[in-house]
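Understanding the architecture of this molecule
The lines below spell out each chain.
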Amino acid sequence: MDASRRIEADDLEDIAIGGAVLGTGGGGDPYIGKLMAQRAIRRRGAVTLINVEQVPDDALVVPVCMMGAPTVMTEKLPQGEEIVVAFSKLERLLGRRIDAVLCCEAGGLNSTTPFIVAAETGRPLIDGDGMGRAYPELQMVTFTLHGVAATPMVLADDKGNSVVLETIDNKWTERLARSCTIDMGGSALLAFYPMSGGVAKRAVVRGTLGLAAALGRTLRESRAAHADPVAAVAGKLAAQHVFDGRVADVERRTVGGFARGAALFDGLEAARGHRFRIAFQNEFLVIERDGAALATTPDLIILLDRDTGAPVTTESLKFGLRVACIVAPGPAQWRTPAGLDLIGPRYFGYDIDYHPFAPA
Amino acid sequence: MIRIGIDVGGTNTDAVVMDGTTVVAGVKAPTTADVLSGVVAALQDVLRTASLRAEAIDVVMIGTTHFTNAVVQRRDLAPTAAVRLGLPATAALPPMVDWPGDLRDAIGNHAWLAHGGHEFDGRSISPLDEGELRGIAAEIARQGIASVAVSSVFSPVNDECERRAGAILAAALPGAHITLSAEIGRIGLLERENAAIMNACLRDLSRNVVAAFRGALGACGITGRFYLTQNDGTLMDAAFAERFPVLTFASGPTNSMRGAAFLSGVADAIVVDIGGTTSDVGLLHKGFPRQAMTAVEIGGVRTNFRMPDVYSMGLGGGSLVMEEGGGVRVGPRSVGFRLTEAALCFGGETLTATDIAVAAGRIDLGNRARVAHLPAALIDRTRARIALMLENAVERSRLTPDRLPVIVVGGGSILAEQRIGELDVVKPAHFAVANAVGAAIAQVSGEIDRVYSLATMSRDDALADARTRATANAVAAGARPDTIAVVDVEDVPLAYLPGNATRVHVRVVGDLDVG
């Protein structure tokens, strides 16, 4: 954990799979981001992954990510320079060199996007992120908890447009950036939340990119050894295996651009006779057993294909799919009153309080 | 109507004659290296067995692995130009970016990016540039390439750019084959483009193969129309198949599951196709195989084809039976097509799963005396082991607690007993040639996959529009309008975007119009 690590193009395979696991059902397929990061690394050389402790307190740290609909990005592939344009324009705006790149969301597509910037600009990438998982809105990062402003922020599109935002708070940033993203064709790339190394040390959820790599490696190795991939992933996350089940029903609707709904599962094996319900808003947020809440955001509710261990997304939930559900404790920063105000079950409209998941 | 169904597999070429809904005759012949002499042999044999003259045959349906194998083995592939419309977007990842290097090299690694394409909401990304496309055409001509694949961003929503670019390229490249991605695939640019490029590189081969099938039928005196089966269990006529060979990928498992449904009269079931070396297990829903939900790779290339979700395991009639640490191991090694020389009951030296079935008295095959020495305990343990393997595979495909029947087909069907787990087994007549029956009964389908904005129309209107478009596609492919039924509807909102953009996928099927 202490030394810097070199991340080569092939390492992105594991990180993309692990990133999808940490996506807790959302965050988008990391495939496109993985291919882009691999090309950047093959052209420019390996990415240096550092621990946040290695960053000087007065260093300048900037997170990057993709915003919008991941489905759009699988069709309208990026031009390629957008994310570096956003990063470089913000650097010029801030008037000083950015010392390190940061990941804002280790779950889903954005587990891979910071590697593109790190490879293209030669800056080190900090092993950690601002969520420890995936969340749908831009202000839902631990950086917000530490008073970091999302702006000045730069959004860039495939055509060469870029937009600079200066806002009064991070929720306004979310709102205005979302509108820009639509006009930019449904997906945009951004650089935002500029912060010092000192703040980053307090705010970053540590080690989550290394964790994604370890999860991907574990899945790959357990499959090759014909071992139980679900147990292997649960072990790496200190997660509890909550149930095995089959999807019995899925209800979906779109509210303000976010896919909301719930899936019902009939328990299998040890869980036979029980019925589970998982409510989702892009990510899995609340799990109930026989009508009683078992676990909620910010704990990580993860569904894996029961046989292959492949992470299951809310979009791929389909009647009959056999899944294993595991729950891992959410990052400690989220399990505070201020954290729960941002991403707790009540923020998402569920009339329940967060209780740390305790296995029965 | 009298029809012939043919399935050209890796080991056997199967043929059946059907009169209406009755199977008149079914035969197996070895698949030959040139494929066609095996088809001729199977055709002649099945006509003889059915006591029919060739002129009596109205229509022939062929399922073939020829094109899949060409890609997997990297042979007979034409140099191909990939032209993508979408600049300035998409430049980050050029065509064939994620292909195995040897396949990319096999077709020359020729790719061009040009302006054009649409946004998710129908706006133009950039105008099509005719001069730019004519320049690309000149370069393609200079390199002597005669197969072109055209892809454009969001062409499943709006194919205007692909059609215009296709016309410009066709005018500048007389005689070239041009494949438009919207004709083949769905949303997901790289996957759809991959399918279009694979299709383009198979066009020379498809012309030859279709001509050769036509020649084989002619050699047998058959003058009726003929069709090839697609991966979704439906038909395309010979002219269409020549243009879209990529759509034949993975039609084999589909045909065997469809044939199983037809022969048994059961539309909802689990199908187990037991061959000589492997068993394929899949779920049948309303007479059609359940489709895989994840991206399917063909020859190392990621596609988003509609492929049946089939679980394969190494259990077949030729599987080796070995005692091992107090237990018994069955497969995955197999004597395969050498069963009739290698198995004990046929005078060989190898103990196979078939020998156990003969020793247990479940079938009379070869010389039963040659397996009389096998201990009863070994026979029991092997049967229990096979039963467990089948049960696990069936449970994997069983998606509801309903007690669905299990339909067992294929040459190795004897390995399945009366029940698999708690489920009853159905073994229909002609089970050994179910895949050829599946080809013979194939229907015609139409499909649509588009993004609708539910801000401007209701969900019901969007679904109705999608059904109308899918039906039009089916009729264009040869379906009788009055037989069309919807088999799949799916609408998934595009996450993280306001405006209620929803992706709608509809598939319909109908009977072939032979009139």
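Here is what the cut-offs are and how they apply
- Residues numbered from 1 in each chain as written.
- Chains lettered and ligands numbered in written order.
- Predicted model: local features only at pLDDT ≥ 70, side-chain atom pairs only at ≥ 80, totals over all residues.
- Heavy atoms only, no water.
- Domains from an automatic or database assignment.
- Buried area = accessible area lost by both parts, 1.4 Å probe.
- Salt bridge = Lys/Arg side-chain N within 4 Å of Asp/Glu carboxyl O.
- Polar contact = N/O pair within 3.5 Å; in protein donor to acceptor, adjacent residues only side chain to side chain.
- Nonpolar A, V, L, I, M, F, W, Y, C, P; charged D, E, K, R; others polar.
- Helix = DSSP H or I, 4+ residues; strand = E, 2+ residues; numbered from the N terminus.
- Buried < 20%, exposed > 50% of the residue type's maximum accessible area, 1.4 Å probe, protein only.
- 1 Å grid on protein atoms, 1.4 Å probe; cavity = no way out; pocket = protein on both sides within 12 Å on 5 of 7 lines; lining within 4 Å.
- Points joined across faces, edges and corners; volume = space filled by probe spheres on them.
- Pairing = 2+ DSSP bridges.
- Axes fitted to C-alpha atoms, helices over the stretch in contact; angles between N-to-C directions.
- Contact = heavy atoms within 4.5 Å.
- Phe/Tyr/Trp six-rings, centres within 6.5 Å; stacked < 30°, edge-to-face > 60°.
- Lys NZ or Arg CZ within 6 Å of the ring centre and 35° of its normal.

1. Here we look at the domain arrangement of chain B
All names here are of chain B. Taken domain by domain, chain B consists of domain 1 (1-76 + 202-249), domain 2 (80-200), domain 3 (313-432) and domain 4 (443-510). For domain 2 and domain 4, the distance between their C-alpha centres works out to 25 Å. Summed over both sides, the interface of domain 2 with domain 4 buries roughly 670 Å², with 59% coming from carbon and sulfur. Looking only at domain 2, the three residues that lose the most surface to domain 4 are Phe 120, Arg 186 and Ile 187, adding up to 69% of its buried area. For the pair domain 2 and domain 4, the number of links is 1 salt bridge. Among the salt bridges present, the one from Arg 186 reaches Asp 449, with a minimum N-O distance of 3.9 Å. Where domain 2 packs against domain 4, one counts 1 residue pair in polar contact (both at pLDDT 80 or more). Tallied by class, residues from the side of domain 2 that touches domain 4 come to 4 nonpolar, no polar and 1 charged.

2. What to know about the pattern of salt bridges
Oppositely charged side chains can pair when the atoms bearing their charge come close. Residue and element names in this part refer to chain B. The full count for this structure, using the stated rule, is 48 salt bridges over all chains. In this structure, the salt-bridge partner of Glu 130 is Arg 164, at a minimum N-O distance of 3.5 Å. Here Arg 164 lies in helix α5 (residues 160-172) and Glu 130 lies in helix α4 (residues 130-142), a separation of 34 residues in the sequence. When its relative accessible area of 35% is taken as the criterion, Glu 130 is described as partly exposed. You can call Arg 164 partly exposed: its relative accessible area is 34%.

3. Here we look at empty space enclosed by the protein
If you roll a probe as big as a water molecule over the atoms, it shows you where there is empty space left. Residue and element names in this part refer to chain A. All told, the structure shown has 7 cavities of 30 Å³ or more when counted by the stated rule. Contributing elements (two or more residues each) for the lining of the largest cavity: β3 (60-68) and α7 (170-183). Its residues assigned to classes, the lining of the largest cavity shows 13 nonpolar, 3 polar and 4 charged. Estimated volume of the second largest cavity: approximately 70 Å³. Here the residues of the lining of the second largest cavity are counted per class, giving 6 nonpolar, 1 polar and 4 charged.

4. Let's talk about the sheet that holds strand β6 (residues 110-115) of chain B
All names here are of chain B. Taken in spatial order, the 4 strands line up as β6-β5-β7-β8 in an open sheet, and their pairing is parallel. One side of each edge strand has no neighbouring strand; the edge strands of this open sheet are β6 and β8 (177-180). Each adjacent strand pair in this sheet contributes to an overall mean axis angle of 20°, direction not counted. Note that strand β5 (residues 80-87) and strand β7 (residues 147-152) share 6 bridges and pair parallel. Among the inter-strand pairings, Ala 82 is bridged to a residue of β7, identified as Ala 149. The strands touched by α4 are β5, β6 and β7; relative to β6, the strand with the most contacts, the crossing angle is about 170°. Its contacts with the sheet put α5 on β5, β7 and β8, and the angle it makes with β7 is roughly 155°.

5. Concerning the interface of chain B and chain A
Chain B puts 43 residues into the contact, and the matching count from chain A is 46 residues. Around 3900 Å² of area is buried between chain B and chain A when both sides are counted, 61% of it from carbon and sulfur atoms. Applying the counting rule to chain B against chain A returns 4 salt bridges. B:Arg192 is paired through a salt bridge with A:Glu75; the nearest N and O atoms lie 2.7 Å apart. Between chain B and chain A we count 17 residue pairs in polar contact (both at pLDDT 80 or more) in total. Secondary structure elements with two or more residues in the side of chain B that touches chain A: α6 (189-201), α12 (376-397) and β23 (485-493) of chain B.

6. A short note on the packing of aromatic side chains
The description of an aromatic ring pair uses the distance of the two centres, along with the angle that the planes make with each other. Across all of its chains, the model carries 9 aromatic pairs over all chains by this definition. Taken together through their ring pairs, the aromatic side chains of A:Tyr135, A:Trp334, A:Tyr347 and A:Phe348 make up a single cluster. Over the ring of B:Phe288 we find B:Arg258; its NZ or CZ atom is 4.2 Å from the centre of that ring. A cation over a ring is seen here: B:Arg450 above B:Tyr452, with NZ or CZ 5.6 Å from the ring centre.

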